[in-house]
Amino acid sequence: MTTLYTTTATASAGRNGQVSTDDNMLDLALSYPKEMGGTGAATNPEQLFAAGYAACFSNAILHVAGGEKLKLVTAPVTAEVGIGPNEAGGFALSVSLAVTLELDDEQAIALVKTAHQVCPYSNAVNGNIDVKLTVNGAAL
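My aim in this report is to walk through the structure given alongside it, one point at a time. Just so it is clear, the structure is predicted and the values come from calculations on it, not from any experiment.

1. Quick look at the packing of aromatic side chains
For step 1, the next point in the chain: Across all of its chains, the model carries four aromatic pairs by this definition.
For step 2, the next point in the chain: In this structure an aromatic cluster arises from ring pairing among F49, Y53, F57 and Y121.

This is how it looks when you write it as structure tokens:
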């Protein structure tokens, strides 16, 4: 693989600290969500993962659409990320991606299936997280 871009982020004190990138474009306080016993006063890693996955998957859709000469300007994706205990005594994530496209259902589904194979986030979690996909309200 030829790396096209690399970035670095540093977290200072886990879920109740600060996280920033090497260029300081991202510099955020972190806190546990209320549902996990925290204050919920700042963002958390699951929100950051959801934002990154939604943006990346949306771009993958637009990339595939461009290759297929489809005139898509937007590709709204809502990512829902959950965290909970797993069977091994650790924690695991769950992910659902809801995609809304102004295409007929058959074309939209085919596009999303291909984007799921192209998206780096999807490739990174493949085999580790069961990603649930919906397109225009229909589950894949």
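2. A look at the environment of G84
For step 1, the next point in the chain: Mapped onto the elements of the fold, G84 is located in strand β4 (residues 77–85).
For step 2, the next point in the chain: Once the C-alpha coordinates of G84 and F57 are considered, the two residues, 27 residues apart in sequence, prove to be 23 Å apart.
For step 3, the next point in the chain: Once you skip the residues sitting within four places of it in the chain, G84 turns out to touch G90, F91 and A92.

3. Observations concerning unusual backbone geometry
For step 1, the next point in the chain: One non-glycine residue, K69, adopts positive backbone phi at about 60 degrees.
For step 2, the next point in the chain: Relative to the assigned elements, K69 resides in the loop between α1 (45–67) and β4.
For step 3, the next point in the chain: According to the relative accessible area criterion, K69 is exposed, its value standing at 71%.
For step 4, the next point in the chain: A positive phi angle is found at N136, which is not glycine, with a value near 50 degrees.
For step 5, the next point in the chain: Among the structural elements, N136 can be located in the loop between β6 (131–135) and β7 (138–139).

The rules behind the values
- Residues numbered from 1 in each chain as written.
- Predicted model: local features only at pLDDT ≥ 70, side-chain atom pairs only at ≥ 80, totals over all residues.
- Heavy atoms only, no water.
- Phe/Tyr/Trp six-rings, centres within 6.5 Å; stacked < 30°, edge-to-face > 60°.
- Helix = DSSP H or I, 4+ residues; strand = E, 2+ residues; numbered from the N terminus.
- Contact = heavy atoms within 4.5 Å.
- Buried < 20%, exposed > 50% of the residue type's maximum accessible area, 1.4 Å probe, protein only.

That's the geometry; what it means functionally is another story.
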